[in-house]
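Coordinate analysis (summary)
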Amino acid sequence: MHFTSPGRWKLPGLAQSALDLTFRTFAYYLIPGAIGIVSLVALLCWDSQYVSAGGAARPVRVLPETAPLSPPEAAARLRHARALPHFDTHLSDAPVWFRFDTLPRTPGATAGDIVEFPSRHALDVACWDGATLAPLGAATRARGAPTLSAAKAGFALQMEALPSTLLCRGRFAGPARLAVVQWPERQFDLSVEDYHRKSGLLDGGMIVLALFVLITALINRQPLYVLFAGWLILNLRVGALSAGWDIQWLGMMVPPQWLLPGRALTFVLYGMSTLSLYQALFRDELSGTRWAIPLRVTQWACLPLLAAAVALPYGTFLPLMWVAMAVGFTLMTFGLVTLMLRSRNRVAGWFST
């Protein structure tokens, strides 16, 4: 050891270099590698705290409502309909009547089973006893009944004793898939806990990462990092929408009247943010390629698409959005391929992943 001043000392140069190398090895390689390995082992080998046995999918007989129907009329017309494992609405917003049989109560069970209608595109559901046509309850995103209420991404019917046959009517918005799943109560509760836990992990993880990037932007005075932080939050919302978690934000329920406009705006803003990030990273490299002008036209096309997200019904807006997004991402992909072939641009390679 060498003392440089009172109270201060330093290791010899070789020892100090070895110490720095050890710290860098742990910080840059061993710790991230260990985290990755342990996480992979946990996902593949360990038991989940919230694992459930799963529910039993029930076949449904479906009747889209082309004219107003009463429950007796719908029940009569559904009696001879073909049973389907599920039914896709194909963007139709017409109400759908459906009838299905429930499974007998599990022997020895201390609580009744629960019927789940898991579609995240469901707006409301009402149910009747299939034999007596006695009403069992109705629920919307804003309010429910003691027996029928919103649960996870869709709705759930819970009774002490389920009728052997149920008749229901639902309304949907977007590319909905009507399905029915019957759960034992304990297994359904576990699935609800798992649903909210995964939603919280996604929200918390992505927001912490976005805040870290934002703080880095403020420290380094890099506007690109601010753009990247916003893009991460929009990725969070798109992922939540795909998984059926977008009905809440930071554990708070999104108001029902905000759901459909919020979904439309999320898609458009995500596309605009992705295109802005793409242009910020590769504007100079793309300026001399054939893709510069088409990408600029795509930017202008985002403005009427943003207006359409606010003004048009959700079912009408979605096909327009799919076409615009397909064109935009195709142009971006061709631009990335051009950059990677011409200049071996590593940033383009990472962006493409």
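This text goes with the structure placed above it.
This report concerns the structure included in the present document. (Residues numbered from 1 in each chain as written. Predicted model: local features only at pLDDT ≥ 70, side-chain atom pairs only at ≥ 80, totals over all residues. Heavy atoms only, no water.)

Summing up its helical and strand segments, the chain has eight helices and 17 strands in all. Residues classed as buried in the chain amount to 38% of the 353 residues present. A separation threshold of at least 6 residues defines the contact pool for the chain, and within that pool the share at least 24 residues apart is 70%. In the structure as shown, the chain presents an accessible area of about 20700 Å², 65% of it carried by carbon and sulfur atoms. (Helix = DSSP H or I, 4+ residues; strand = E, 2+ residues; numbered from the N terminus. Buried < 20%, exposed > 50% of the residue type's maximum accessible area, 1.4 Å probe, protein only. Contact = heavy atoms within 4.5 Å. Areas by Shrake-Rupley, 256 points an atom, 1.4 Å probe, with all protein chains shown as cover.)

Spatial strand order, β5-β4-β7-β13-β9-β10: six strands in an open sheet with antiparallel pairing. Looking at which strands have only one partner, the edges of the open sheet turn out to be β5 (83-84) and β10 (135-140). Direction of pairing for strand β4 (residues 60-64) relative to strand β7 (residues 96-101): antiparallel, over a ladder of four bridges. Bridge pairing in β7 places Leu63 opposite Trp97. Along the sheet face, helix α2 (residues 71-78) touches β4, β7, β9 (122-129) and β13 (165-172) and points at about 60° away from the line of β7. (Pairing = 2+ DSSP bridges. Axes fitted to C-alpha atoms, helices over the stretch in contact; angles between N-to-C directions.)

On to the pairing of β9, then. Burial of β9 is extensive: seven of the eight residues sit out of reach of the surface. With seven bridges joining them, β9 and β13 adopt antiparallel strand pairing. In the strand pairing of β13, Asp124 is matched with Arg171. The pairing of β9 with β10 spans five bridges and is antiparallel. Directly across from Val125, in β10, lies its bridge partner Ala139. Connecting the antiparallel pair β9 and β10 is a turn made up of five residues, with Leu133 showing a positive phi of about 65°.

Time to look at the nonpolar core. Judged by nonpolar contacts, the single largest core of 25 residues is most densely connected at Phe98, Phe100, Val115, Phe117 and Leu157. Contributing elements (two or more residues each) for this core: β4, β7, β8 (114-117), β9, β10, β12 (154-158) and β13. Among all residues touching Phe98, those that are not within four sequence positions of it are Val60, Arg61, Val62, Leu78, Phe117, Leu166, Leu167, Cys168, Arg169, Gly170, Leu178 and Val180. The next biggest cluster of nonpolar side chains, apart from the first, holds 13 residues, and it includes Ala173, Phe267, Val268 and Met325. (Core = buried A, V, L, I, M, F, W, Y, C linked by side-chain atoms within 4.5 Å.)

Let us now look at the packing of aromatic side chains. The geometry of an aromatic ring pair is captured by two quantities: the separation of the ring centres and the angle between the planes. For the structure shown, the criterion picks out eight aromatic pairs. Between Phe98 and Phe117, the aromatic rings sit 5.8 Å apart at their centres with planes inclined by 75°, giving edge-to-face as the arrangement. Of the two residues, Phe98 sits in strand β7 while Phe117 sits in strand β8, which places them 19 residues apart along the sequence. For the pair Phe98 and Phe117, a shared accessibility class is recorded, and that class is buried. Seen in terms of ring centroids, Phe100 and Phe117 are 6.2 Å apart; in terms of plane orientation they differ by 75°. Their pairing is edge-to-face. With a gap of 17 residues between them, Phe100 in strand β7 and Phe117 in strand β8 connect regions that are remote in the sequence. (Phe/Tyr/Trp six-rings, centres within 6.5 Å; stacked < 30°, edge-to-face > 60°.)

Let us now look at unusual backbone geometry. Located in the positive-phi region is Leu91, a residue other than glycine, with phi close to 70°. With respect to the helices and strands, the residue Leu91 is situated in the loop between β6 (87-88) and β7. Overall, Leu91 belongs to the partly exposed group, its relative accessible area being 22%. For Lys152, which is not glycine, the phi dihedral falls at a positive 50°. Note on placement: Lys152 falls in the loop between β11 (148-151) and β12.

Strand order in the open sheet formed by five strands is β3-β15-β8-β12-β11, with antiparallel pairing between adjacent strands. Each edge of the open sheet is held by one strand with a lone partner, namely β3 (56-57) and β11. Bridge count for β3 against strand β15 (residues 181-183) is two bridges, and the pairing is antiparallel. Within β15, the residue paired with Ala57 across the bridge is Val181. Lying over the sheet, helix α3 (residues 185-220) contacts β8, β11, β12 and β15, oriented at roughly 110° with respect to β15.

Another point: the pairing of β11. Looking at chain direction, β11 and β12 are connected through four bridges and run antiparallel. Note that in β12 the partner of Ala150 across the bridge is Phe155. Between the antiparallel neighbours β11 and β12 lie two residues, among them Lys152 with a positive phi of about 50°.

Below, the discussion takes up the side chain of Thr298. Topologically, Thr298 is positioned in helix α6 (residues 292-311). Residues in contact with Thr298, not counting those within four places in the same chain, are Leu275, Gly328 and Leu331.

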